[in-house]
Amino acid sequence: MLRTVFSFALCAAAMAVGAQNIQLHYDFGRSFYADEEAGRQRVTMTLEQFRADRWGSWFYFVDVDFSRRFVEGAYGEISREFKLGRKSPFAAHVEYNGGLNRFGSFQQAALAGIAWNGHAADFSKTYSLQLMYKQYFKSYDYTRAYASMQLTGVWGITFARKACTFSGFLDLWRGEQANGHGQLVVLAEPQFWYNLNTLKGMKDVNLSVGTELEISNNFIYNTYNDHTFFVNPTVAVKWTF
């Protein structure tokens, strides 16, 4: 449930305005992996915001997971980009990742690198490719600080007379196993939305309905067996401010 507003970042930057949305996802992952993901939460709320200015842009998101009794955790990422030239597609990118859960904290990380951004002439297609150094910090027991690299791709495609949006991201980075050996971690979250404000008489109803697939390998902590690849689908609604 991450970064979908960034798919429209270049369009927003061109207009020097911001964009914000809130999403509510119902996650079916626990139904597909009853043993491996027995503790996975079914309801997640995501708040995202993008803001462009003369120097570049700000972006952040926060995912909040709910159970029947608790707010189980909140994970967020915040990033800043600085344009490298007025008309250059390149930007310097810095980022922080981290959060808290009911049992402690997520392992924190700081990232810095370069982004390559682009778009179609009518902004119906946008994309960003980011290559970053990633530094993990010791955040709780059984973790340690270590250096990594991350490659991120973000995209957004609007079609069918703006009625449909296909957006999402793909992250590849070096993680570490419990024995300290490195491993490639893959996380992708493609989303499909149908935008109700394109229907007759619903111009001011900025509500979208859709779905997301969380596709990952070596990302989900699983002590039940050696299964590392997971596909977790959701149904979702989104309101864009």
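Residues numbered from 1 in each chain as written. Predicted model: local features only at pLDDT ≥ 70, side-chain atom pairs only at ≥ 80, totals over all residues. Heavy atoms only, no water.

In this structure, what is going on with the pattern of salt bridges? I would like to understand it.
For side chains bearing opposite charge, pairing can occur when the charged atoms are close. Going through the model one piece at a time under the given rule, you end up with 7 salt bridges. Close ionic contact of Arg 144 with Glu 176 constitutes a salt bridge, the shortest N to O distance being 2.7 Å. Remark: Glu 176 occurs in strand 10 (residues 164–176) and Arg 144 occurs in the loop between strand 8 (125–136) and strand 9 (146–159); sequence separation between them is 32 residues. On the basis of relative accessible area, Arg 144 is assigned to the partly exposed category, the value being 43%. Residue Glu 176 is classed as buried on the basis of its relative accessible area of 18%. Ionic pairing is found between Glu 176 and Arg 174, a salt bridge with its closest N-O pair at 3.4 Å. Residues participating in the shared-partner salt-bridge network are Asp 27, Glu 37, Arg 40 and Glu 214. (Salt bridge = Lys/Arg side-chain N within 4 Å of Asp/Glu carboxyl O. Helix = DSSP H or I, 4+ residues; strand = E, 2+ residues; numbered from the N terminus. Buried < 20%, exposed > 50% of the residue type's maximum accessible area, 1.4 Å probe, protein only.)

What's the story with the packing of aromatic side chains in this structure? I'm lost.
Describing an aromatic ring pair means giving the distance of the ring centres and the angle of the ring planes. All chains considered together, the criterion is met by 10 aromatic pairs. For the pair Trp 155 and Phe 166, a centre-to-centre distance of 5.7 Å together with 45° between the ring planes defines the contact as tilted. On the criterion of sequence distance, the pair formed by Trp 155 in strand 9 and Phe 166 in strand 10 is long-range, its members being 11 residues apart. Using a relative accessible area of 22% as the deciding quantity, one classes Trp 155 as partly exposed. Among the residues examined, Phe 166 registers a relative accessible area of 33% and is labelled partly exposed. Both rings, one in Trp 173 and one in Phe 219, keep their centres 6.1 Å apart while their planes meet at 90°; by these two values the pair is edge-to-face. Of this pair, Trp 173 sits in strand 10 while Phe 219 is found in the loop between strand 13 (207–217) and strand 14 (229–240), placing the two residues 46 residues apart along the sequence. In this structure Phe 219 comes out as partly exposed when scored by relative accessible area, which is 36%. Counting every residue linked through ring pairs, the aromatic cluster contains Phe 59, Phe 61, Tyr 75 and Phe 106. (Phe/Tyr/Trp six-rings, centres within 6.5 Å; stacked < 30°, edge-to-face > 60°.)

Got a minute to help me understand the nonpolar core in this structure?
When a protein is soluble and globular, its nonpolar side chains tend to lie buried together. In this structure, Ala 109, Tyr 136, Tyr 146, Val 154, Phe 169, Trp 173, Val 185 and Leu 187 together form the largest nonpolar core, which totals 8 residues. Listed by contribution, the elements that provide at least two residues to this core are strand 9, strand 10 and strand 11 (182–188). With residues near it in sequence (within four places) discarded, Ala 109 still touches Glu 95, Tyr 96, Asn 97, Lys 134, Gln 135, Tyr 136 and Phe 137. Counting residues in hydrophobic clusters, the runner-up holds 5 residues, among them Phe 50, Ala 52, Phe 59 and Phe 61. (Core = buried A, V, L, I, M, F, W, Y, C linked by side-chain atoms within 4.5 Å. Contact = heavy atoms within 4.5 Å.)

Teacher, can you tell me more about the pairing of strand 3 (residues 56–66) here?
Examined bridge by bridge, strand 2 (residues 43–52) and strand 3 share 10 bridges and lie antiparallel to one another. By the bridge assignment, Val 43 is partnered in strand 3 with Phe 66. Here strand 2 hands over to strand 3 after 3 residues, the two strands then running antiparallel side by side. One ladder, built from 11 bridges, connects strand 3 with strand 4 (residues 71–83); its direction is antiparallel. Residue pairing for strand 4: Phe 59 is matched across the bridge by Ser 79. Two successive antiparallel strands, strand 3 and strand 4, enclose a turn made up of 4 residues. (Pairing = 2+ DSSP bridges.)

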